[in-house]
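# Structural features, examined
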Amino acid sequence: MKEILVGVSEETTTGVKRLYQMQENGTLLFPAINFDDLYGCRNSLLDSLMRATDVMIAGKVAIVCGYGGWQCPIGCAATLKQAGACVIVTDIDLY
């Protein structure tokens, strides 16, 4: 299988760390693209929602909980807005 793979992508922090370890010790067998949380979530969130629910996102109300400076919720809010959802963002101040 590894002979026909062109490359892989990873968006989780743990997965990306593992890919870097594999690259450093020479066990990474094909190119890997690091999709950080901002861009990775933009793709996987909508795909998983539409596959799981089989409904259109446009016109729906979406709530993103815990926005505060983290890349993942920022990407989630952006992609939901671009898909036509009415996005509500909640956050708390922990400081």
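Residues numbered from 1 in each chain as written. Predicted model: local features only at pLDDT ≥ 70, side-chain atom pairs only at ≥ 80, totals over all residues. Heavy atoms only, no water.

On the surface, Val-61, Ile-63 and Ile-88 cluster together to form a nonpolar patch covering roughly 280 Å² of accessible area. Mapped onto the secondary structure, Ile-88 falls in strand S4 (residues 86–90). (Patch = residues over 30% accessible without salt bridge, like charges linked within 9 Å, V, L, I, M, F, W, Y side chains within 5 Å. Areas by Shrake-Rupley, 256 points an atom, 1.4 Å probe, with all protein chains shown as cover. Salt bridge = Lys/Arg side-chain N within 4 Å of Asp/Glu carboxyl O. Helix = DSSP H or I, 4+ residues; strand = E, 2+ residues; numbered from the N terminus.)

With that out of the way, let us pick up the side chain of Thr-79. With respect to the helices and strands, Thr-79 occurs in helix H3 (residues 71–82). Here Thr-79 is in contact with Cys-41, Arg-42, Leu-45 and Leu-46, once residues within four sequence places are set aside. (Contact = heavy atoms within 4.5 Å.)

A few words on unusual backbone geometry. Here Asp-54, not a glycine, exhibits a phi torsion of approximately 55 degrees, which is positive. Checked against the element boundaries, Asp-54 lands in the loop between helix H2 (37–53) and strand S3 (61–65).

Proteins that are soluble and globular tend to have nonpolar side chains buried together. With seven residues, the main nonpolar core is built from Leu-46, Ile-57, Ala-62, Val-64, Ala-77, Leu-80 and Ala-85. Secondary structure elements with two or more residues in this core: S3 and H3. Here Ala-62 is in contact with Leu-80, Ala-85, Cys-86, Val-87 and Ile-88, once residues within four sequence places are set aside. (Core = buried A, V, L, I, M, F, W, Y, C linked by side-chain atoms within 4.5 Å. Buried < 20%, exposed > 50% of the residue type's maximum accessible area, 1.4 Å probe, protein only.)

All right, on to the pairing of S3 then. Here S3 shows a buried face lined by Ala-62 and Val-64 and an unburied face lined by Val-61, Ile-63 and Cys-65. Strand direction decides the pairing type here: S3 and S4, joined by five bridges, are parallel. The partner of Ala-62 across the bridge, within S4, is Val-87. (Pairing = 2+ DSSP bridges.)

For the rest of this paragraph, the subject is the environment of Arg-18. Tracing the backbone through its elements, the reader meets Arg-18 in helix H1 (residues 13–25). Its relative accessible area of 44% is what places Arg-18 among the partly exposed residues. In this structure the C-alpha to C-alpha distance between Arg-18 and Leu-28, which are ten residues apart in sequence, comes to 9.7 Å.

What follows covers H3. End to end, H3 covers 17 Å across twelve residues, agreeing with the expected 16 Å (1.5 Å per residue, within 8%). Directly after H3, the chain includes Gly-84, whose backbone phi takes a positive value near 100 degrees. (Expected span 1.5 Å × (residues − 1).)

Right, let's get into the confidence of the model for the protein chain. With 86% of its residues at a pLDDT of 70 or more, the protein chain shows a mean pLDDT of 81. The spread of mean pLDDT over the elements of the protein chain runs between strand S1 (residues 8–10), the lowest at 73, and S4, the highest at 91. (pLDDT = per-residue confidence, 0-100.)

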